[in-house]
Structures are given as C-alpha cells and as structure tokens.
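Survey of secondary and tertiary structure
Residue strings, one per chain:
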Amino acid sequence: MYKSIELIGIPGSGKSYIYNLLEQSLKSRGTKVYNSRTILQSEAAKFLDIGIFRKTRYFLESYSRKRIMHLSNWIRDILFSGFLEANSDYVNYCRHIINKNIRSIELRSKLNRWLIEELAGWYLYTQLTESDNSLDFVYLNDEDFLHRALPYSAYGIDPHLFNLDKYCELCPVHDLLIHVNAATETCLARRLLEKDMF
C-alpha cells in the first residue's frame, strides 16, 4: 500500500472531494490517515497526558487543546528546521517563487506559513517511516505548495523565475501523485459558488 499520497490540481477541481472519499475508504479498513496539519497535532498530543484533561470539565479540555496547538507550532518549527537543513535548495527556490511573484504582503506571508507547515509535516512523516517502516498510516494531502503557488502567481508569473522541471527535481517525492483534472470553467464556477455560500 502507498504510504504517502498527494493530490494536485487547480482550486475547484475536486481534490477535497476525492481526498474525503480516499480518507473514508482507508479509515473503513482500519488505516489511520494524516495530513500535514494532523500529523503535527498527533505528535504534539503524545507529549501531553490528554486522558487526564478529557476526564475533567470542558474549560480544562479547551486549555488542553490550546496547549496542543502551541506545542504543535513549536514542533512544526523544529521539524521545518530539520527539513531546511536537508533540503535548503528546495526551500530557497519556493521562497524565491513567493517573494518574486507575489505582490501582496499578506498573501506572501500566508504562502510562507503554508510552506513551513507542509514541509514540517512531510519531514515528520519521513522521520517516522524511516524509524519504523511497519507503521500503519497513510500520509494523505490535498493541499500542496505547488498547486497553491501556481494559481496565486499565474497572473503575473515570470517564466524566468519559475522552472517547473527544476521545481519537480527539488521537491519531496510522494509514493503516489494524483492529478485531479477538470475544465477551468467548471473549477471557476465551483469556486464562485463556494464564495456565494458565505
């Protein structure tokens, strides 16, 4: 069975829908499923005696969740440092894409935050599987840096600043990559429909 699966495709192509079907199917077989965020939270929970908090009142449970979130962020930063040390070319290239193509400071900050979380989760996944290859879980992601960065920067991207071959040569390699393809008009209609709902 594949240990790491990545879904890519433009926003609105149906990645989340396929992700949910895969997640339900894997969980129904008794397989744990993590993504970059939940794998970090799971690791943070191991450091705390969550059982004690669950037996207490709600405000203690809320306090426990906050502690997990802070601990998760701390673990994320340490793991990202580990990834950065081993893959500095990839991280520098991704940051180069963001800083040179994205004009909005807010969006730039968001993309950098997503990048750190994703790579920390990936680094934790590789460390866990290298130490124990018999672990029964699947690392499943439908939000990767490539599909995020490209749509956001597509309007003003400089082809001299982004080379897809170079990017693919440097980026982490998953066991299975699923490209979710849909017509641009369909994707745009779905995204507009989602916005109208709020």
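Residues numbered from 1 in each chain as written. Predicted model: local features only at pLDDT ≥ 70, side-chain atom pairs only at ≥ 80, totals over all residues. Heavy atoms only, no water.

1. With respect to the overall build of the protein
- From N to C terminus, the protein includes 9 helices and 4 strands.
- Reading the protein from its N terminus to its C terminus gives the helix and strand order β-α-β-α-α-α-α-α-β-α-α-β-α.
- Counting only contacts in the protein whose residues sit at least 6 apart along the sequence, the fraction spanning at least 24 positions is 76%.
- Split by element, the accessible area of the protein, about 12,400 Å² in all, is 54% carbon and sulfur. (Helix = DSSP H or I, 4+ residues; strand = E, 2+ residues; numbered from the N terminus. Contact = heavy atoms within 4.5 Å. Areas by Shrake-Rupley, 256 points an atom, 1.4 Å probe, with all protein chains shown as cover.)

2. A word on the pattern of salt bridges
- Evaluated as defined, the whole model comprises 3 salt bridges.
- Of the charged contacts in the structure, one is a salt bridge between Asp77 and Arg76, with a shortest N-O distance of 3.1 Å.
- Since its relative accessible area comes to 38%, Asp77 is described here as partly exposed.
- With relative accessibility at 18%, the residue Arg76 sits in the buried group. (Salt bridge = Lys/Arg side-chain N within 4 Å of Asp/Glu carboxyl O. Buried < 20%, exposed > 50% of the residue type's maximum accessible area, 1.4 Å probe, protein only.)

3. Section: the environment of Ile18
- Residue placement: Ile18 occurs in helix H1 (residues 15-28).
- Taking the C-alpha atoms as reference points, Ile18 and Asp142, 124 residues apart in sequence, are found 8.8 Å from one another.
- Setting aside residues up to four positions removed in sequence, Ile18 forms contacts with Leu7 and Val180.

4. Focus on the confidence of the model for the protein
- When pLDDT is averaged along the protein, the result is 76, and 73% of the positions lie at 70 or above.
- Counted against residues more than four places away or in other chains, residues 50-60, with its pLDDT under 50, gives 11 contacts. (pLDDT = per-residue confidence, 0-100.)

5. Focus on the sheet that holds strand S1 (residues 4-8)
- With respect to topology, 4 strands assemble into an open sheet ordered S2-S3-S1-S4, the strand pairing being parallel. Sheet topology places strand S2 (32-34) and strand S4 (176-179) at the edges, where each strand pairs with a single neighbour. The average undirected angle you get between the axes of adjacent strands in this sheet is 20°.
- Both S1 and S4 contribute to a ladder of 4 bridges, which runs parallel. Looking at S4, one finds that Ile8 is bridged to His179. (Pairing = 2+ DSSP bridges. Axes fitted to C-alpha atoms, helices over the stretch in contact; angles between N-to-C directions.)

6. A few points about the nonpolar core
- Core analysis: the biggest nonpolar cluster contains 30 residues, and Ile39, Leu40, Tyr90, Leu119, Phe137 and Tyr167 have the highest contact counts within it.
- Mapped onto this core, the elements with two or more residues apiece are helix H2 (36-46), helix H4 (58-86), helix H5 (88-101), helix H6 (105-131) and strand S3 (137-141).
- The element contributing the most residues to this core is H6, with 10 residues.
- Setting aside residues no more than four positions away along its own chain, Leu40 makes contact with Ser72, Ile75, Arg76, Leu79, Glu117, Ala120, Gly121 and Leu124.
- The next biggest cluster of nonpolar side chains, apart from the first, holds 8 residues, and it includes Leu7, Tyr19, Val33 and Leu140. (Core = buried A, V, L, I, M, F, W, Y, C linked by side-chain atoms within 4.5 Å.)

7. Focus: the packing of aromatic side chains
- A complete count under the given rule lists 6 aromatic pairs for this structure.
- A ring pair is formed by Tyr125 and Phe137, whose centres lie 6.2 Å apart and whose planes are at 85°; its orientation type is edge-to-face. Residue Tyr125 is located in helix H6, and its partner Phe137 is located in strand S3; the two are separated by 12 residues in the primary sequence.
- Geometrically, the ring pair formed by Tyr125 and Tyr139 is stacked, given 5.1 Å between the ring centres and 10° between the ring planes. Of the two residues, Tyr125 sits in helix H6 while Tyr139 sits in strand S3, which places them 14 residues apart along the sequence.
- Put simply, the rings of Tyr34, Trp122, Tyr125, Phe137 and Tyr139 touch in pairs and so form one group of aromatic residues. (Phe/Tyr/Trp six-rings, centres within 6.5 Å; stacked < 30°, edge-to-face > 60°.)

8. Some words on the pairing of S1
- Within S1, 5 of the 5 residues are buried, which leaves it mostly tucked inside the rest of the structure.
- Every second residue of S1 is oriented toward a common face, with Ser4, Glu6 and Ile8 on one face and Ile5 and Leu7 on the other, all of them buried.
- Pairing of S1 with S3 involves 3 bridges; the strand directions are parallel. Each residue of the ladder has a partner; that of Ser4, found in S3, is Tyr139.

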